[in-house]
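Structure at a glance
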Amino acid sequence: MARSTASAAHVVSRIAAGVLGGYVFCWGFIALGVGLLFSAGMPFHDAESLSSMLAFLVFLAAFLWAFAAGSLTRMWLVLMGGGLVMTGAASLVQRALL
C-alpha cells in the first residue's frame, strides 16, 4: 500500500482553504456582482439573485481547485486575496452609487 506524502496539517489546510477561502471568494464575488449589475441598470433583487446563483458554481470551482492546486500558498493567496480584493472593489462601487 502506498503512503501519502501529505501531512495531516496539509490536508486540514486544503479543507480549510476549500471551505473558508471559497466562502470569502464567493462573498466578494456576490458583493461585486450585485454592485456592478445594479449599477448597470438591473433591479437590485434580480442582481442579488443572479449573483447568488452564479456564486454556487464559483464556490464549487474554488472548492475543487483547493484540492487540485499544486501550491498551497498560491491557493490561499488567490482565494483569500481575491475575495478581499473583490469585496474592496464592491465597496467602492457601492459607495459610488450612493
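This text goes with the structure placed above it.
Summary of the structure given here. (Residues numbered from 1 in each chain as written. Predicted model: local features only at pLDDT ≥ 70, side-chain atom pairs only at ≥ 80, totals over all residues. Heavy atoms only, no water.)

Bringing the side chain of S13 into the picture now. Among the structural elements, S13 can be located in helix α1 (residues 8-39). Side chain to side chain, S13 and W76 meet in a polar contact 3.0 Å long. When residues no more than four places from it in sequence are discounted, the contact partners of S13 are L72 and W76. (Helix = DSSP H or I, 4+ residues; strand = E, 2+ residues; numbered from the N terminus. Polar contact = N/O pair within 3.5 Å; in protein donor to acceptor, adjacent residues only side chain to side chain. Contact = heavy atoms within 4.5 Å.)

What follows concerns the packing of aromatic side chains. In this description, a pair of aromatic rings is defined by centroid distance and the angle of the planes. As enumerated under the stated definition, the model contains four aromatic pairs in all. Note on Y23 and W27: the rings are 6.1 Å apart at their centroids and 45 degrees apart in plane angle, and the pair reads as tilted. Of this pair, Y23 and W27 both sit in helix α1, four residues apart, which is roughly one turn of that helix. Pair check on accessibility: Y23 and W27 agree, each one exposed. Taken together, a centroid distance of 5.2 Å and an interplanar angle of 70 degrees make the contact between F63 and F67 edge-to-face. Of this pair, F63 and F67 are both found in helix α2 (residues 44-68), four residues apart, which corresponds to roughly one turn of the helix. (Phe/Tyr/Trp six-rings, centres within 6.5 Å; stacked < 30°, edge-to-face > 60°. Buried < 20%, exposed > 50% of the residue type's maximum accessible area, 1.4 Å probe, protein only.)

You can see L37 is positioned in helix α1. The spatial distance from the C-alpha of L37 to the C-alpha of S51 is 8.6 Å, given a sequence separation of 14 residues. With residues up to four places along the chain from it excluded, the contact list for L37 reads M42, A47, L50 and S51.

Another aspect to go through is the environment of M80. Looking at the element boundaries, M80 is found in helix α3 (residues 72-97). Sequence separation of M80 and A17 is 63 residues, and the distance between their C-alpha atoms is 8.4 Å. M80 has contacts with L20, G21 and V24, leaving out every residue within four places of it along the chain.

The subject of this paragraph is the side chain of S51. Topologically, S51 is positioned in helix α2. For S51, a relative accessible area of 2% corresponds to the buried category. Leaving out residues up to four positions away in the same chain, S51 has contacts with F29, I30, G33, V34 and L37.

Just geometry here; none of it tells us what the structure is for.
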